Amino acid sequence: QVQLVESGGGLVQAGDSLRLSCAAFGRTFSTYAMGWFRQAPGKEREFVSAIKWSGDRIDYADSVKGRFTISIDNAKNTVYLQMNSLKSEDTAVYYCAGQSVKYASSWPRRNYEYWGQGTQVTVSS
């Protein structure tokens, strides 16, 4: 099992930046990739970004491309999501997710087995 703990959410104004962190604990050696998803009120959860544990492949949703940057610090078992030029439509609960090798073929957007508790990001316009 892998446990994920997010941090870094908050209330900001449009145009501001935030950095989310996701620390992984447990059987991290079995982790193939990490992802970020978000869910706004009344909407389905959507993919934001993903990175392979090796850090050599990254993917972004079109809505955040050019504004968000995902990165990984393997020494700390931590994934980051740097969010710049935030917009009101970025307001959501952001979830960190982990994917094992078992579902490698589903990378980057499906079949994540491990989920964090979520962190709220609110962007005021």
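Above this text sits the structure in question.
(A) How the structure looks around the overall build of the protein chain. Looking only at helices and strands, the protein chain features zero helices and 11 strands. Ordered by position in the sequence, the α and β elements of the protein chain form the string β-β-β-β-β-β-β-β-β-β-β. Taking 2.2 N^0.38 as the reference for a compact globule, 125 residues should give roughly 14 Å; the C-alpha atoms of the protein chain span a radius of gyration of 14 Å, in line with that estimate. Expressed along its principal axes, the backbone C-alpha trace of the protein chain runs to roughly 40 × 25 × 25 Å. When burial is assessed residue by residue, the protein chain has 49% of its 125 residues classed as buried. Expressed as a percentage of contacts within the protein chain between residues at least 6 apart in sequence, the contacts between residues at least 24 apart total 58%. Of the accessible surface of the protein chain, which amounts to about 6300 Å², a share of 46% is contributed by carbon and sulfur atoms. Each charge sign in the protein chain was given a centre, from 14 positive and 11 negative side chains, and these centres are 4 Å apart.

(B) Seen up close, the side chain of S106. Within the fold, S106 resides in the loop between β9 (92-100) and β10 (114-115). Assessed through its relative accessible area of 8%, S106 is described here as buried. Among residues more than four places away in sequence, those in contact with S106 are Q99 and N111.

(C) Fine view of the pattern of salt bridges. The full count for this structure, using the stated rule, is five salt bridges. Across the pair E46 and R38 runs a salt bridge whose closest N-O atoms are separated by 2.5 Å. E46 sits in the partly exposed class, given a relative accessible area of 35%. On the basis of relative accessible area, R38 is assigned to the buried category, the value being 5%. Residue D90 pairs with R38 through a salt bridge whose shortest N-O separation is 2.9 Å.

(D) Representation of the nonpolar core within the structure. Of all hydrophobic cores here, the largest spans 36 residues; its most connected members are L4, M34, W36, F68, L81, M83 and Y94. Setting aside residues up to four positions removed in sequence, L81 forms contacts with L18, R19, L20, W36, V48, S49, F68, T69, I70 and Y94.

(E) A look at the packing of aromatic side chains. For the coordinates displayed, the defined rule picks out four aromatic pairs. Cluster of aromatic residues (ring-pair linked, three or more members): F37, F47, Y112 and W115. The side chain of R45 reaches across the aromatic face of W115, ending 3.8 Å from its centre. Residue placement shows K52 over the ring face of W107; its charged tip is 5.5 Å from the ring centre.

What counts and what doesn't
Residues numbered from 1 in each chain as written. Predicted model: local features only at pLDDT ≥ 70, side-chain atom pairs only at ≥ 80, totals over all residues. Heavy atoms only, no water. Helix = DSSP H or I, 4+ residues; strand = E, 2+ residues; numbered from the N terminus. Rg over C-alpha atoms; globule rule 2.2 N^0.38 Å. Buried < 20%, exposed > 50% of the residue type's maximum accessible area, 1.4 Å probe, protein only. Contact = heavy atoms within 4.5 Å. Areas by Shrake-Rupley, 256 points an atom, 1.4 Å probe, with all protein chains shown as cover. Lys, Arg positive; Asp, Glu negative; His and termini not counted. Charge placed at Lys NZ, Arg CZ, Asp CG, Glu CD. Salt bridge = Lys/Arg side-chain N within 4 Å of Asp/Glu carboxyl O. Core = buried A, V, L, I, M, F, W, Y, C linked by side-chain atoms within 4.5 Å. Phe/Tyr/Trp six-rings, centres within 6.5 Å; stacked < 30°, edge-to-face > 60°. Lys NZ or Arg CZ within 6 Å of the ring centre and 35° of its normal.

Take it as geometry only, folks, not as evidence of what the structure does.
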